[in-house]
Amino acid sequence: MEELAGPGACTPCALSATPLCTTLSSTRIAAPHGGGGEGSKEGGWLQEVEGRKGLGGAAEWCEKGVSKVSFAFISPEFCLLGALLAPIRVLLAFIVLFLLWPFAWLQVAGLTEEQLQEPITGWRKTVCHHGVLGLSRLLFFLLGFLRIRVRGQRASRLQAPVLVAAPHSTFFDPIVLLPCDLPKVVSRAENLSVPVIGALLRFNQAILVSRHDPASRRRVVEEVRRRATSGGKWPQVLFFPEGTCSNKKALLKFKPGAFIAGVPVQPVLIRYPNSLDTTSWAWRGPGVLKVLWLTASQPCSIVDVEFLPVYRPSPEESRDPTLYANNVQRVMAQALGIPATECEFVESLPVIVVGRLKVALEPQLWELGRVLRKAGLSPGCVDAGTEPGQSRRISQEEFAKQLQLSDSQTVAGAFSYFQQDADGLVDFRDVALALAALSGGRSLEELTRLAFELFAEEPEEQAEEQAKGPGRLLYKDGFSTILHLLLGSPRPAARTLHAELCQAGARQGLSLCEFQDFSLHHPLHGKLFSTYLRPSQTPPASSPGSTTTLANGTVQAPKQKGD
């Protein structure tokens, strides 16, 4: 699902509805295949972070890109207009939405699944297509989108079987379907059960992907390729290649799904040139109802849809969908005048690529530190003793008792940051490592040694020759858990990196020396660990009773004379 990124994949994610300021425009991330211009040197992102007072600055820097939107600028007149105009508009729009259902149902009524595998023609196509197109335009008109300004020329289905639209910033973006003459889309199979929306997806003959079916992605790729190479038999297929909503200040990394077929694509730019941005629906931004209310309160909303020239792939791009996606992303970013970044969303969290590793822009460890600090808990005061290499599962009640937390809401929030098994239990080693990292009382060498001791295991082949064996090793599961806890790295990406690190030797695990070489002495990953885990700065002179802000967002209380 993450790689296909169709219009139905829209989720309330990405880099907030507030301006990124310099956040992503100053991220100098290494883009594959030479992308990103002169600012794409490896380590540039870390240099930018380090230039902002270490990790404490990094946290503040990330917050500028993902913090919540403030609506303090809304005037009383706007609120009054919204109270009068928004309810009427929303009510009429919902009436039109339900009027779409008969046309959508009529187009597919009585057709078998085999017949739906081919494009619908004849009177069904003529009557239902124009009915849905006209009512859809009326629906957006009632919501306040009085003008849709189109620039450029839409290519024919023979010239460009695939359309790619960006930036994807709101659930209003399907308005781009109207000037594109209702192309086919890619959506989640689960949306078929949503009233009216499911009927519209069947009307659209959408390509459906299921998150619960492992073979679904392969079938969708084959279907996209079949339609894209049909020689104009099928209408165009529209993708939002970012796969989720962003704040329009930078383009997220494009997923390769739209480019797998290797056919020409036409980039489509979406802009909302309104004096007040009420449409953005992003990660940590306002919710659906607030965005809908604010947009319906606008007297007039404008949408600009611009068709860029058709992008025809080179032979290398046709063979490499990732290269193709990266190059189209740069073309669209240049036309929009915004940066093209390596930032993407994995498991609903923004991540970027640093070297061979994906790391979170804001690891959940930092948020856990803020939750514990708000509860008045100092992580360094918690006895997190646990046996090295021994997994001990604890319940939420045991977790609260161990951390001496009494507020049920705080307990549930803190407990949710750790991976739970089928019985709702967490591994206490995860808790111990997180608390050790948040306490700030250990050096990086001590912290990485503790991480190794907690998750390393005895090699199986060492059972008979313990004296000759290499000692305890860190296998892929332990390695991925450490990186996920400390850096917010997605576990699959961390396992892939572990396999690459183990290729040099015959063993399937890393020794303590090898793990610390990676985490402390590697020219890029070493900086990553120190940036994320070391205190933001050492004050030149600490006055008695002053506090020290750590890189992870926790506050370390001053030590008393008797300590």
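Residues numbered from 1 in each chain as written. Predicted model: local features only at pLDDT ≥ 70, side-chain atom pairs only at ≥ 80, totals over all residues. Heavy atoms only, no water.

If you check an unreviewed UniProt entry, the chain appears there as Lysophosphatidylcholine acyltransferase 4 from Bos taurus. According to the UniProt record, the Sequence similarities (unreviewed entry) comment for the chain is "Belongs to the 1-acyl-sn-glycerol-3-phosphate acyltransferase family." Listed under Subcellular location (unreviewed entry) in UniProt, the entry text for the chain is "Membrane". (UniProt positions renumbered as here; feature names shortened; annotations may be inferred.)

Caption draft 1: Expanded view of the sheet that holds strand 7 (residues 301–307). Pairing is mixed across the open sheet formed by five strands, whose spatial order is 1-7-6-2-5. Either end of the sheet is taken by a strand with one partner, and the two such strands are strand 1 (145–151) and strand 5 (237–239). Strand-to-strand twist across the sheet, computed as the mean angle between neighbouring axes with direction ignored, equals 25°. Taken together, the five bridges between strand 2 (residues 162–166) and strand 6 (residues 265–271) define a ladder with parallel strand orientation. When the sheet's bridge partners are listed, Ala 165 is paired in strand 6 with Val 268. (Pairing = 2+ DSSP bridges. Helix = DSSP H or I, 4+ residues; strand = E, 2+ residues; numbered from the N terminus. Axes fitted to C-alpha atoms, helices over the stretch in contact; angles between N-to-C directions.)

Caption draft 2: Geometry of a nonpolar patch on the surface. A grouping of Ile 88, Leu 91, Leu 92, Ile 95 and Leu 99 is seen on the molecular surface, where their side chains present a nonpolar patch of about 460 Å² in accessible area. With respect to the helices and strands, the residue Ile 88 is situated in helix 3 (residues 76–108). A relative accessible area of 51% means that Ile 88 is categorised as exposed. (Patch = residues over 30% accessible without salt bridge, like charges linked within 9 Å, V, L, I, M, F, W, Y side chains within 5 Å. Areas by Shrake-Rupley, 256 points an atom, 1.4 Å probe, with all protein chains shown as cover. Salt bridge = Lys/Arg side-chain N within 4 Å of Asp/Glu carboxyl O. Buried < 20%, exposed > 50% of the residue type's maximum accessible area, 1.4 Å probe, protein only.)

Caption draft 3: Spatial organisation of the sheet that holds strand 9 (residues 349–354). Reading across the sheet, the three strands line up as 8-9-10 and stay open at both edges, with antiparallel pairing between neighbours. Among the strands making up the open sheet, the edge pair consists of strand 8 (344–346) and strand 10 (357–360). The mean angle between the axes of side-by-side strands here comes to 50°, regardless of whether they run parallel or antiparallel. Two elements, strand 9 and strand 10, share four bridges in a ladder whose sense is antiparallel. Within the sheet, the bridge partner assigned to Val 351 lies in strand 10 and is Ala 360.

Caption draft 4: Geometry of the packing of aromatic side chains. Summed over all chains, the structure comprises 15 aromatic pairs. With a centroid separation of 6.4 Å and an interplanar angle of 65°, the aromatic rings of Phe 145 and Tyr 272 are classed as edge-to-face. In this pair, Phe 145 sits in strand 1 while Tyr 272 sits in the loop between strand 6 and helix 7 (288–297), placing the two residues 127 residues apart along the sequence. Taking the relative accessible area as the measure of exposure, Phe 145 reaches 0% and is therefore buried. Ring centres of Phe 254 and Phe 259 lie 6.5 Å apart, and the angle between their planes is 15°; on these two criteria the pair is classed as stacked. An aromatic cluster is built from Phe 140, Phe 145, Phe 171, Phe 172, Tyr 272 and Trp 281, whose rings are joined through pairwise contacts. The cationic tip of Arg 392 hangs over the ring face of Phe 428; the distance from NZ or CZ to the ring centre is 4.6 Å. (Phe/Tyr/Trp six-rings, centres within 6.5 Å; stacked < 30°, edge-to-face > 60°. Lys NZ or Arg CZ within 6 Å of the ring centre and 35° of its normal.)

Caption draft 5: Representation of the packing of helix 14 (residues 444–455) against helix 15 (residues 476–487) in the model. It is at 10 Å that the axes of helix 14 and helix 15 come closest, and there the two elements cross at 140°. Between helix 14 and helix 15, the angle falls in the class oblique. Once helix 14 is placed against helix 15, the crossing between them reads as right-handed. Packed against helix 14, whose contacting residues are Ala 451, Phe 452 and Phe 455, the element helix 15 presents Gly 478, Thr 481, Ile 482 and Leu 485 at the interface. Taken together, the residues that form the contact of helix 14 with helix 15 break down as five nonpolar, two polar and no charged. (Parallel < 35°, antiparallel > 145°, perpendicular 65-115°, else oblique. Left-handed = near helix turned anticlockwise from the far one by under 90°. Contact = heavy atoms within 4.5 Å. Nonpolar A, V, L, I, M, F, W, Y, C, P; charged D, E, K, R; others polar.)

Caption draft 6: Fine view of the packing of helix 15 against helix 16 (residues 491–502). Relative to each other, helix 15 and helix 16 sit at 125°, their axes nearing to 8 Å. As far as their axial angle goes, helix 16 and helix 15 are oblique. Judged by the sense of rotation from one axis to the other, the crossing of helix 15 with helix 16 is right-handed. Counted together, Lys 476, Asp 477, Phe 479, Ser 480, Thr 481, Leu 483 and His 484 of helix 15 and Arg 491, Ala 494, Arg 495, Leu 497, His 498 and Leu 501 of helix 16 form the full contact between these two elements. Partitioned by chemical class, the residues of the contact of helix 15 with helix 16 number five nonpolar, four polar and four charged.

Caption draft 7: Geometry of the UniProt feature "transmembrane region" (unreviewed entry) in the chain. As annotated by UniProt and renumbered to match this structure, "transmembrane region" (unreviewed entry) occupies residues 78–101 and 131–148. Annotated as residues 131–148, this span is 67% helix and 22% strand, and its ends, taken at the C-alpha atoms, are 19 Å apart.

Caption draft 8: Layout of helix 18 (residues 525–533). The buried fraction of helix 18 amounts to eight of the nine residues, a majority that puts the element mostly inside the structure. Residues of helix 18 that are buried: His 525, Gly 526, Leu 528, Phe 529, Ser 530, Thr 531, Tyr 532 and Leu 533.

Caption draft 9: Seen up close, the pattern of salt bridges. Within this structure, the stated rule accounts for 15 salt bridges. Residue Glu 223 pairs with Arg 227 through a salt bridge whose shortest N-O separation is 2.8 Å. Linking Glu 223 with Arg 227, this pair stays in helix 6 (residues 216–228), spanning four residues, or about one helical turn. Here Glu 223 matches Arg 227 in class, with each residue buried. A salt bridge links Glu 367 to Arg 370, with the nearest nitrogen and oxygen atoms 2.9 Å apart. Highlighted residues: Glu 367 and Arg 370, both in helix 10 (residues 364–374), separated by three residues, approximately one helical turn. Residues joined in a network through salt bridges with shared partners are Glu 118, Glu 223, Arg 226, Arg 227 and Lys 233.

Caption draft 10: Quick look at the side chain of Lys 184. Residue placement: Lys 184 occurs in the loop between strand 2 and strand 3 (186–188). Buried charge without a partner: Lys 184 forms no salt bridge, and the closest opposite charge is Asp 181, 9.5 Å away. Not counting chain neighbours up to four residues away, the residues in contact with Lys 184 comprise Phe 203, Asn 204, Gln 205, Arg 227, Trp 234, Pro 235, Gln 236, Val 237 and Leu 238. (Lys, Arg positive; Asp, Glu negative; His and termini not counted.)

Caption draft 11: Just the environment of Ala 414, in detail. Within the secondary structure, Ala 414 is located in helix 12 (residues 408–415). Ala 414 gets classed as buried once you look at its relative accessible area, which sits at 0%. Taking the C-alpha atoms as reference points, Ala 414 and Ala 400, separated by 14 residues in sequence, lie 9.2 Å from one another. Excluding residues that lie within four positions of it along the chain, Ala 414 makes contacts with Leu 368, Val 371, Leu 372 and Phe 399.

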